[in-house]
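# Descriptive analysis of the structure
Next come the chains, spelled out residue by residue.
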Amino acid sequence: MKNLNVLFDEKKIAERVAELGRRITEDYRDCRREIMIVGVLKGSFVFLADLCRAIDLPLKVGFMALSSYGDETKSSGAVRLESDLGFPIKDKHVIVVEDIVDTGLTLQYLLNNLQARHPASLRLCSLLEKPDCKKVEVLIDYLGFQVPDDYVVGYGLDAAQLYRNLPYIAILDPNA
C-alpha cells in the first residue's frame, strides 16, 4: 500500500512478543494468585492473542473498551468507558494489555479505575509507546517498541477502523 511505511515487520513483532511473554512468565512463575490479562479493545486484540500464547502460565482473560479517539487521528483527551469487565479483580494479579500509549490520559484513567478495585498487583504491557506525546506519565512495565509521533496502523491498530488486519506495523502517510 502506497500510503504505508513499514516500521516493524511480522518477524520483528513476533520476536518481541515472544520476549515479552518470557519476561511475564518469569515474573509471575511463583505466583499463587490468579493472573488476569485485561485487554483494552479494540486495538489490543491481535497483540493480546499472541502475547497470551507466549505466556507459559494459567491465565484468565477479560476485555474493557475505552474511547478517546472515535474515528479521529488525535486523542480528544476525554475518556469514555464503553464496556467494563464482567468479573471482579480484587486480590488478583492484573496485567493490562494495550496497543499504544501516547498521551497517557486513557491509560491513567483506566489504571486508576482498576486500582480502585483492589487487585493484588496491577501492571501495564503496551505494544507501542509514543514518548514524545505524553501529557501524563504512565509506567509501562512491559513495552514492545517506542515509535515516533506519527499515526501508526496494523497489527490491531486502526485508522477509522481500517488496517487492523495488517500483519505488520506501519506509519500511515496522510499525504499519499
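Our structure's up above, just so we're on the same page.
Residues numbered from 1 in each chain as written. Predicted model: local features only at pLDDT ≥ 70, side-chain atom pairs only at ≥ 80, totals over all residues. Heavy atoms only, no water.

### Section: the packing of helix α1 (residues 10-28) against helix α2 (residues 45-54)
Formally: Structural elements are reduced to axes, namely lines fitted to C-alpha atoms, with helices fitted over the stretch in contact, and the angle between N-to-C directions of any two is expressed from 0 to 180 degrees. Per the convention used, a helix needs a DSSP run of H or I reaching at least four residues, while a strand needs a run of E reaching at least two, with both numbered from the N terminus. For classification, angles of less than 35 degrees are called roughly parallel, those exceeding 145 degrees roughly antiparallel, those between 65 and 115 degrees roughly perpendicular, and all remaining angles oblique. Left-handed describes a crossing whose near helix is turned anticlockwise from the far helix by less than a right angle; the clockwise case is right-handed. Residue contacts follow a heavy-atom distance rule, with two residues in contact if any of their heavy atoms lie within 4.5 Å.
Contact pair α1 / α2: the axes reach a minimum separation of 8 Å and the direction vectors enclose 50°. Taken as axis vectors, α1 and α2 run oblique relative to one another. Once α1 is placed against α2, the crossing between them reads as right-handed. Residue-level inspection shows Val17, Ala18, Leu20, Gly21, Arg22, Ile24 and Thr25 of α1 in contact with α2, the latter providing Phe47, Asp50, Leu51 and Ala54.

### So, the pairing of strand β3 (residues 60-67)
Put simply, the test is: Each pair of strands is called paired provided DSSP finds at least two bridges between the two strands.
Bridge analysis of strand β2 (residues 35-41) against β3 gives six bridges, and the strand direction is parallel. The partner of methionine 36 across the bridge, within β3, is lysine 60. Strand direction decides the pairing type here: β3 and strand β4 (residues 80-83), joined by three bridges, are antiparallel. Opposite alanine 65, over in β4, you have serine 83 as the bridge partner.

### Some words on the pattern of salt bridges
Condition: By definition here, a salt bridge exists when the distance from a side-chain nitrogen of Lys or Arg to a carboxyl oxygen of Asp or Glu is within 4 Å. Each residue is placed in one exposure class: buried if its accessible area under a 1.4 Å probe, protein chains only, is under 20% of its type's maximum, exposed if it is over 50%, and partly exposed if it falls in between.
Per the counting criterion, the structure on display carries 13 salt bridges. A salt bridge links aspartate 50 to arginine 53; its shortest N-O distance comes to 2.4 Å. Of this pair, aspartate 50 and arginine 53 both sit in helix α2, three residues apart, which is roughly one turn of that helix. Relative accessible area serves as the criterion here: at 26%, aspartate 50 is assigned to the partly exposed category. In this structure, the salt-bridge partner of glutamate 129 is lysine 134, at a minimum N-O distance of 2.6 Å. Assessed through its relative accessible area of 22%, lysine 134 is described here as partly exposed. In the salt-bridge network here, residues are joined through shared partners; they are Glu34, Lys60 and Lys92.

### Remarks on the side chain of threonine 103
Quick reminder of the rule: Within 3.5 Å is the distance limit for a polar contact, defined as a pair of N or O atoms, with the added protein rule that one can donate a hydrogen and the other accept it, and that residues adjacent in sequence qualify only through two side-chain atoms.
Looking at where threonine 103 falls in the secondary structure, it is placed in the loop between β5 (93-101) and α3 (105-115). Of the residues examined, threonine 103 reaches a relative accessible area of 10% and is grouped as buried. Within the structure, the side chain of threonine 103 is placed 3.2 Å from the backbone nitrogen of leucine 105, a separation counted as a polar contact.

### Concerning the environment of lysine 130
Mapped onto the elements, lysine 130 comes out in the loop between β6 (121-129) and β7 (142-146). Reaching out from lysine 130, the side chain makes a polar contact with the backbone oxygen of aspartate 150 at a distance of 2.7 Å.

### Structural notes on the sheet that holds β7
Read across the sheet, six strands follow the order β4-β3-β2-β5-β6-β7 without closing on themselves; strand pairing throughout is mixed. Sheet topology places β4 and β7 at the edges, where each strand pairs with a single neighbour. Ignoring strand direction, the axes of neighbouring strands in this sheet form an average angle of 25°.

### With respect to the packing of aromatic side chains
Basically, it comes down to this: A pair of aromatic rings is counted whenever rings of Phe, Tyr or Trp (Trp by its six-membered ring) have centres within 6.5 Å, and the orientation is called stacked for planes under 30 degrees apart, edge-to-face for over 60 and tilted otherwise.
Under the criterion given, the structure shown has one aromatic pair. On the numbers, 3.9 Å between centres and 20° between planes, the contact of phenylalanine 8 with phenylalanine 145 is stacked. Taken together, the residues span a long stretch of sequence, with phenylalanine 8 in strand β1 (residues 4-8) and phenylalanine 145 in strand β7 at a distance of 137 residues. Of the residues examined, phenylalanine 8 reaches a relative accessible area of 11% and is grouped as buried. What makes phenylalanine 145 buried here is its relative accessible area of 8%.

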